[in-house]
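# Survey of secondary and tertiary structure
The lines below spell out each chain.
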Amino acid sequence: MREGWGVTRAVQELLLAKPVLLAALGMGVVNYSALARALRGEVERRLGREVSEASVKVALIRFRERLSRSIAEESVLRVVAESSTTLIDDVGLVTLRAGDPLALAPLLSGVRARLLQITQGVHTLTIVTDSEVLEGLLRKVDPKLVEAVYRDQAAVILVSPREIITTPGVMAYLTTLLAVNGINITQVISTHTDTLFILGRQEAVEAYYLLRRAIDEARRAVREEQDPSRAMLSGA
């Protein structure tokens, strides 16, 4: 019993440290036997003892089942189905070494922007805003405070129902969807029921359509769950 638990825990920790494998598992495109052979050595080093390939394979299958349930739960689909998305082009972001957002108030006074988002970290502040506003801000800020600047970005904004706050798996579903399609996210910002994906301008367009299709598919799945006859008609 203890051996099985140890292998399960080790496999889980390894997978959580390997986003590519995690995404492949989520899609169900993994050869469990081959992956078990590949991970067996790492599992043994982590546990400090020999383990069987079969026990690693069983742990992989169990983890996949848990992953599928968390991502494909009806509650996740309902949140996605009730969401909407929009695209704001021509934005950028700057990260500053500063701890007090109020210190930026004089710099942002009178600013008019389609998008203005300030996120406070432990030692930095990140501002996402229109490209024109960003360049004006950079002219006013001490260059020594600038940690990073990302230009030529776009924001894909997902507006969801309040249930997104208490439903586990929604963000995992959305970020996995983008990751398996090779889309890099510059930054993710959450403000209550709004989720902002900041991406390069070219990738943002693809991300927008991927999320739009995910919403449409979720709505279709929810309708079919409510009225099974729809699924029969669509499969005819």
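What this report covers is the structure whose coordinates are included nearby. (Residues numbered from 1 in each chain as written. Predicted model: local features only at pLDDT ≥ 70, side-chain atom pairs only at ≥ 80, totals over all residues. Heavy atoms only, no water.)

## A short note on the overall build of the protein
Across its full length, the protein holds 10 helices and six strands. Of all 236 residues assigned to the protein, the portion counted as buried reaches 36%. Looking at the protein alone, contacts between residues at least 24 apart form 72% of all its contacts between residues at least 6 apart. (Helix = DSSP H or I, 4+ residues; strand = E, 2+ residues; numbered from the N terminus. Buried < 20%, exposed > 50% of the residue type's maximum accessible area, 1.4 Å probe, protein only. Contact = heavy atoms within 4.5 Å.)

## Overview of the nonpolar core
Judged by nonpolar contacts, the single largest core of 23 residues is most densely connected at Val156, Phe197 and Leu199. When residues of this core are traced back to their parent elements, those giving at least two are helix H5 (74-81), strand S4 (146-159), helix H8 (170-180), strand S6 (194-200) and helix H9 (201-226). Not counting chain neighbours up to four residues away, the residues in contact with Phe197 comprise Ala154, Ala155, Val156, Met171, Leu174, Thr175, Leu178, Ile185, Gln187, Val188 and Leu211. One finds Val30, Leu35, Val51 and Leu67 within the second-largest nonpolar core, a separate group that totals 18 residues. (Core = buried A, V, L, I, M, F, W, Y, C linked by side-chain atoms within 4.5 Å.)

## Focus on the pattern of salt bridges
On inspection of all chains with the given rule, the structure shows 11 salt bridges. One salt bridge connects Arg37 with Glu53, and the closest N-O pair in it is separated by 3.7 Å. Of this pair, Arg37 sits in helix H3 (residues 32-47) while Glu53 sits in helix H4 (residues 53-72), placing them 16 residues apart in sequence. Residues Arg220 and Glu224 are paired through a salt bridge, measuring 2.9 Å at the closest nitrogen-oxygen approach. Of this pair, Arg220 and Glu224 both sit in helix H9, four residues apart, which is roughly one turn of the helix. Note on Arg220: relative accessible area 33%, which makes it partly exposed. Its relative accessible area of 17% is what places Glu224 among the buried residues. Through salt bridges with shared partners, one network takes in Arg9, Glu13 and Arg46. (Salt bridge = Lys/Arg side-chain N within 4 Å of Asp/Glu carboxyl O.)

## A word on the sheet that holds S6
Across the sheet, six strands lie side by side as S2-S3-S1-S4-S6-S5; this open sheet has antiparallel pairing. Whereas interior strands pair on both sides, the edge strands pair on one side only; in this sheet they are strand S2 (116-120) and strand S5 (187-191). The sheet shows a mean angle of 30° between the axes of neighbouring strands, taken without regard to direction. As judged from the seven bridges shared by S4 and S6, these two strands associate in the antiparallel manner. Looking across to S6, one finds that Ile157 is bridged to Leu196. (Pairing = 2+ DSSP bridges. Axes fitted to C-alpha atoms, helices over the stretch in contact; angles between N-to-C directions.)

## Let's talk about the pairing of S4
By the bridge criterion, 10 bridges tie strand S1 (residues 84-96) to S4 in an arrangement that is antiparallel. By the bridge assignment, Thr95 is partnered in S4 with Ala148.

## Comments concerning the packing of aromatic side chains
Applying the stated rule across the entire model yields one aromatic pair. Plain terms: the ring middles of Tyr208 and Tyr209 are 5.3 Å apart, the flat faces sit at 80° to each other, and that makes the pair edge-to-face. Residue classification places Tyr209 among the partly exposed positions, given a relative accessible area of 46%. (Phe/Tyr/Trp six-rings, centres within 6.5 Å; stacked < 30°, edge-to-face > 60°.)

## Brief notes about the environment of Gly121
Within the fold, Gly121 resides in the loop between S2 and strand S3 (125-130). Classification of Gly121 by relative accessible area gives partly exposed; the value is 32%.

## Quick look at a nonpolar patch on the surface
A cluster of nonpolar side chains, contributed by Met27, Val29 and Val180, occupies part of the molecular surface with about 270 Å² of accessible area. Mapped onto the fold, Val180 is located in helix H8. (Patch = residues over 30% accessible without salt bridge, like charges linked within 9 Å, V, L, I, M, F, W, Y side chains within 5 Å. Areas by Shrake-Rupley, 256 points an atom, 1.4 Å probe, with all protein chains shown as cover.)

## A short note on the side chain of Ser83
Inspection of the secondary structure assignment puts Ser83 in the loop between H5 and S1. At 2.8 Å, the side chain of Ser83 and the side chain of Ser160 are in polar contact. The residues contacting Ser83, other than those within four sequence positions of it, are Leu158, Val159, Ser160, Pro161, Ile215 and Arg219. (Polar contact = N/O pair within 3.5 Å; in protein donor to acceptor, adjacent residues only side chain to side chain.)

## Some points on the side chain of Thr126
Its location among the elements puts Thr126 in strand S3. Polar side-chain contacts of Thr126 include one of 3.0 Å to the side chain of Thr95. Once you skip the residues sitting within four places of it in the chain, Thr126 turns out to touch Leu93, Val94, Thr95, Gln117, Ile118, Thr119 and Gln187.

Any functional reading would require information beyond the geometric quantities listed.
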